[in-house]
Amino acid sequence: MRYGFFDDQQREYVIQRPDTPLPWINYLGMENYFGLISNTAGGYSFYQDARLRRLTRYRYNNVPLDMGGRYIYLRDDADGTYWSPTWMPTRDDLAEYTCRHGMGYTRIGSAYHDIRADICYFVPLGETLEIWDLTLENQSPSSRSLSVFSSVEFCLWEAVDDATNFQRNLNIGEVEVEGSVIYHKTEYRERRNHFAYFACSEPLAGYETQREAFLGPYRGWENPLAVEMGECSNSLRVGWSPVGVHHIRISLMPGEKQRVIFLLGYHENPTAEKFYTRGTQTLNKRTVAPIINSYLQSGVVDQTFCDLRNVWDDLLGGLQVESPNEHVNRMVNIWNAYQTMVTFNLSRSASYFESGIGRGMGFRDSNQDLLGFVHMVPERARQRILDLAATQLKNGGAYHQYQPLTKRGNDAVGGNFNDDPAWLVLSAAAYLKETADWGILDELVPYENQPGTETRLLEHLERCIQYILDRIGPHGLPLMGRADWNDCLNLNTFSATPGESFQTTTNRDGRVAESVVIGALFTLAAHELAQITAIIGQDEKSMRLQGLADGMAATVRRFGWDGTWFLRAYDHFGNPVGSKSCEEGKIFIEPQGLCVMAGIGIKESLAEKALKSVERHLATDHGILLLQPPYQSYHLHLGEISSYPPGYKENASVFCHTNPWVMIAEAILGHGEQALDYYLRINPSKREVMSDLHRCEPYVYAQMIAGKDADHFGEAKNSWLTGTASWNYVAITQWILGIRPDYQGLRLEPVIPLDWDGYRAVRKFRGVTYEIEVRRIGSGNQVSISVDGEAVQGSIIPETGNDHVKVVAALE
Ligand code: GLC
Ligand code: GLC
């Protein structure tokens, strides 16, 4: 069953009923100011860092009840009826309801009691504010008097402290009201120089700044006393829970429309100019006033909304395809690309499954996210690589996470994930392939953000390789450390203490447990760096690196092969993990995909066998399982992976992030049919028809889909912030469609199914627009390319000097 439909023309998903299985969300903002917004206007906003600069509150552990948001209440002043035009929080039976989630905006429209309301929420480019653009229309034959109430609940900035430190917090809340603007300025009197504001384009009939005054004692957001009475008390007290509520009165003739604009924003003042005049505590509004005044004008709002749409035309214009499959087209052209941008911005910090108070930016995660968006915003990718490298340790290792606001590594969430460094090499390689900006290798970057420690980026990458080489185990495979890509395979943790963090506990010395996955990643990364150093003329280095890659590949073939698939690891006792000799967890997906991607065992036909085993033991209708059979009980020597009930998360769910590795591996072996089939099994748009089973948004990937051993086989969780986004984008665009940036230029090597007669695409690459047409003329993957009518050798499109090039590829 569906809850809406895709409007591909508008690049929107249109939700037609408010009670979706879970809140279906979208993101506002893509620079410094961000908001999460659900299809019923739930969610919250923050500046840069969801934990450290939270603007508004949200209620945790509530799903699907989605409480805390950007709520508007309408009240018919003739009879006192009131409702929320976004359904939440009053949940009235609206006569009409639609929510359109688009690229960086959400528009919710509804009708009730013959009043149409339409609210468009978005963040204008370059600003640290969000706009709520409300239009009301009287659809009844008589004139109407309405009250409109807006509401937000302010967070006292640091979201963890806000949710826990009541003894202090209930005393410190401070606001100021001037004209139609409510300023939230808690802690501004002391060390903060930032504040929030909530402005309205209309004169106020009243306002509230105290939650209890607005809601009334022992009442909730579904029936605020002030709304029920149609009157605010103009509360202005220190402490308790500051809110922003505007009350305005509007009269509408039959058929008349009125627009009301609300702004919620964040602003900083220079420390010396915090106050209006020296000695007062009154906020200095000189620099914020022009911003507020400008965005309260409807012409400015229209223009900036238009600008936002145009930016997305540009961003998505980097690659557009027309293939025979609508789910491919829709995800590649719109939603998958959009999701990679969101994961780039937020890593794993803030979604409806990530609280915004836990995880910062993952080192591994951010490097992988980059793979999917580097072609959209190469300059920002460049900066991200340099930021990540600046958190690197001198020994080449990495902090597993860093805080976006400070860009500093964060020890509290653990370190020693021995795969982390490999990902920096892979993201830098992807950046170089896209841009050929070789100068980035010469950028001076510090270690652990310590001034004075700078070396060239190239050396950072070499240290990544060295870090792994310095940690080799008994079979010559890389040591696992805390964990590799699979955060939950904790072979040195041995934790028997409830609540102890699997991410930070190590009870064994870690000198035995080895990872085949890091072996594959090392092979990939050393091979990339070998190519990079060859291109910049460092031949000796390059040969050494290629030798290291080949050596590791040989070790994996020798000690990482189990007969019909690749092993996963060796545990602390030197016993295999992911082997036919194990009772549970006999086969894992990660090494099958990654080893083939690294080219390991292709010649020796191990790759073919490994992928056959994946098909036989792991593939299901809902995607490919992470492992089989699942762990039925907790195993001290395996760690968190066995803490999950069978079929969930790393314990044998369809962990969607890993599926594209197998798609890519299939494409590498030339199996277009199989690659696309796997792709479609987890494609959200394809799964839209089963929304009541899938439950998460049908327009973005989720981290996991419950596996066949779970109670809810096919139910997705952890949507939005997942490496699944970028990896699926890479799999479909670079390996199946086969439009793949390489150091020497754009490569075109499609591996598409037999029943596709071809496809068309437009790809912008290094300043050139390539208009690509692929035609199937035979049944294989052999490609012959012509550029502007001239046949060329090989699969790399040569530069012609023109900035618009027509490429035809015949597949035989
Ligand atoms: C989560 C993490 C990612 C990790 C994966 C597997 O998605 O964000 O870093 O690789 O889980 O454990
Ligand atoms: C848990 C999750 C895993 C995630 C990790 C990050 O272990 O199962 O998916 O990567 O937390 O901290």
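Summarised in this report is the structure supplied together with it. (Residues numbered from 1 in each chain as written. Chains lettered and ligands numbered in written order. Predicted model: local features only at pLDDT ≥ 70, side-chain atom pairs only at ≥ 80, totals over all residues. Heavy atoms only, no water.)

Quick word on the site of ligand 2
Heads up, the condition is: Any residue with a non-hydrogen atom lying within 4 Å of a molecule or strand is treated as near it. Here a polar contact means two N or O atoms within 3.5 Å. Within protein one must be a hydrogen donor candidate and the other an acceptor candidate, and residues neighboring in sequence count only if both atoms are side-chain atoms. Areas reported here follow the Shrake-Rupley algorithm with a probe of radius 1.4 Å; residue values treat only the protein chains shown as occluding. Within this scheme a cavity is a closed region of a 1 Å grid, computed over the protein atoms alone, that accommodates a 1.4 Å probe without allowing it to escape, whereas a pocket is open but has protein on both sides within 12 Å along at least five of seven lines; lining residues each have an atom within 4 Å of a point. For a cavity or pocket, the test is whether more than half of a molecule's atoms lie within 2 Å of its grid points; if they do, the molecule sits there. All residues other than Ala, Val, Leu, Ile, Met, Phe, Trp, Tyr, Cys, Pro, Asp, Glu, Lys and Arg, Gly among them, are scored as polar; the first ten of these are nonpolar and the last four charged.
Inspection of the region around ligand 2 gives Arg 359, Asp 487, Cys 488, Gln 503, Glu 640, Tyr 644, Lys 649, Glu 650, Phe 655 and Gln 703 as its neighbouring residues. The separation between an oxygen atom of ligand 2 and a polar side-chain atom of Gln 503 is 3.4 Å. Within the contact set of ligand 2, an oxygen atom lies 2.6 Å away from a side-chain nitrogen or oxygen of Glu 650. Burial of ligand 2 by the surrounding chains reaches 83%, relative to a free accessible area of 300 Å². Taking a 2 Å distance to the grid points as the criterion, the majority of the atoms of ligand 2 fall inside the second largest pocket. Split into classes, the residues belonging to the shell around ligand 2 amount to three nonpolar, two polar and five charged.

Some details on the site of ligand 1
Surrounding ligand 1, one finds Arg 348, Arg 359, Arg 364, Asp 365, Trp 485, Asn 486, Asp 487, Glu 650, Phe 655 and Gln 703. Trp 485 is positioned with one of its backbone polar atoms (N or O) 2.5 Å from an oxygen atom of ligand 1. Gln 703 places a polar side-chain atom, nitrogen or oxygen, 3.0 Å from an oxygen atom of ligand 1. Protein chains shield 97% of the accessible area of ligand 1, which is 310 Å² for the free molecule. Taken atom by atom, the bulk of ligand 1 overlaps the second largest pocket. The residue makeup of the shell around ligand 1, split by class, is two nonpolar, two polar and six charged.

Some details on the layout of surface pockets
Here the idea is plain: a probe the size of a water molecule rolls over the atoms and shows the empty space left. Threshold: Grid points are joined across faces, edges and corners, and a volume is the space filled by probe spheres set on the points. Counting from the N terminus, the helices are the DSSP runs of H or I reaching at least four residues and the strands are the DSSP runs of E reaching at least two.
The computed volume of the largest pocket comes to approximately 1,100 Å³. In terms of lining, the largest pocket is formed by 43 residues, of which the most central are Lys 433, Leu 524, Glu 528, Met 597 and Trp 735. Secondary structure elements with two or more residues in the lining of the largest pocket: helix 10 (420-435), helix 12 (516-535), helix 13 (539-559), helix 16 (659-668), helix 19 (724-736) and strand 36 (739-742). Of the residues assigned to the lining of the largest pocket, the class counts are 22 nonpolar, 11 polar and 10 charged. The computed volume of the second largest pocket comes to approximately 630 Å³. If you go around the second largest pocket, you meet 31 residues; those closest to its centre are Glu 354, Arg 359, Asp 487, Lys 649 and Gln 703.

Quick look at the pattern of salt bridges
Counted only if it meets this: Should a side-chain nitrogen of Lys or Arg be within 4 Å of a carboxyl oxygen of Asp or Glu, the pair is scored as a salt bridge. Note on exposure labels: buried denotes an accessible area under 20% of the residue type's maximum, exposed denotes more than 50%, and partly exposed covers the range between, all computed with a 1.4 Å probe on protein chains only.
Tallied over the full model, the rule gives 58 salt bridges. For Arg 51, the salt bridge identified is with Glu 158, shortest N-O distance 3.6 Å. Pair noted here: Arg 51 is in the loop between strand 5 (45-47) and strand 6 (54-56) and Glu 158 is in the loop between strand 13 (144-157) and helix 1 (159-164), with a separation of 107 residues, a long-range link. Of the residues examined, Arg 51 reaches a relative accessible area of 27% and is grouped as partly exposed. One network of salt bridges, in which partners are shared, links Arg 57, Arg 59, Glu 153, Asp 162 and Arg 211.

Quick word on unusual backbone geometry
Of all residues except glycine, most have a negative phi; of all peptide bonds, most are trans. Cis geometry marks the peptide bond from Val 63 to Pro 64, where omega comes out at 5 degrees. Here Pro 64 is to be found in the loop between strand 6 and strand 7 (71-76). For the peptide bond that leads from Gln 628 to Pro 629, omega is -25 degrees, which places it in the cis range. As for its position among the elements, Pro 629 is in the loop between strand 32 (627-628) and strand 33 (654-655). Although it is not a glycine, Arg 11 sits at a positive phi angle of roughly 55 degrees. Within the secondary structure, Arg 11 is located in the loop between strand 1 (4-7) and strand 2 (12-15).

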